Amino acid sequence: MAVETEVLNELHRLRARVPQLTGTLAASTDGLVLAQDMPDVQPEGLAALTAAALGVGRRMVDLSGGGEFRELLVRGAGGCLATYAAGPSAVLTLLAGDRVNVGRLHLEGRRSGARIGALMATRTTDERSPGSGGGESPGRAPGARMPGALPVRVPPQSRRRP
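Residues numbered from 1 in each chain as written. Predicted model: local features only at pLDDT ≥ 70, side-chain atom pairs only at ≥ 80, totals over all residues. Heavy atoms only, no water.

Right, let's get into the pairing of strand S3 (residues 71-76). Sheet topology places S3 next to strand S4 (residues 79-85); 6 bridges connect them, and they run antiparallel. Among the inter-strand pairings, Glu-71 is bridged to a residue of S4, identified as Tyr-84. Here S3 folds back onto S4 in antiparallel fashion, the turn holding 2 residues. (Pairing = 2+ DSSP bridges. Helix = DSSP H or I, 4+ residues; strand = E, 2+ residues; numbered from the N terminus.)

In structure tokens form, the structure reads like this:
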């Protein structure tokens, strides 16, 4: 079974566990749709916005010294949107109504994000295997930026004293 099919099955199971969800989307960190279950929203546009929000979220966490990006929650008058890291190459975005239990949303979103991350890791491993036709990709050097991450610019310290 293809990884995308398994990711879509995970999205369906997630919607069954959290009935207040109005849409689910799994996307790559560069904004490409992997799988979606969103009847009322254009998934390509949301995937692109999710990738942009992921970049901003990663940058904010990095600048604040908060470690690795995990999740982002945006609340509006009619509901909320939650984005969860799903391994190094994917992101999970959930749309929910205003009556959703945010604690349950986080619990289930984090679990599904971990499952999707694991599925994507198997896809990456399969692509690197000798029989799959995928070339061996070089490993990332320690301290190197993740693909799609914004560079961090630290302004020089002022030499003047107030």
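Under the 1.5 Å per step criterion, the end-to-end length of helix H1 (residues 3-17) is 21 Å for 15 residues, consistent within 8% with the ideal 21 Å. Those residues of H1 that fall on the buried side of the exposure criterion are Val-3, Val-7, Glu-10, Leu-11 and Leu-14. For H1, the angular spread of buried residues about the axis comes to 100°, placing them on one side. (Expected span 1.5 Å × (residues − 1). Buried < 20%, exposed > 50% of the residue type's maximum accessible area, 1.4 Å probe, protein only. Arc of directions from axis to C-beta.)

On to the sheet that holds S3, then. Sheet architecture is open: 5 strands sit in the order S2-S1-S5-S4-S3, paired in antiparallel fashion. In the strand order of this sheet, the two ends are held by strand S2 (33-37) and S3, each with one partner. Between one strand and the next, the sheet's axes are offset by a mean angle of 10°, whatever the strand orientation. Two elements, strand S1 (residues 21-28) and S2, share 4 bridges in a ladder whose sense is antiparallel. What sits directly across from Ala-27, in S2, is Val-33. (Axes fitted to C-alpha atoms, helices over the stretch in contact; angles between N-to-C directions.)

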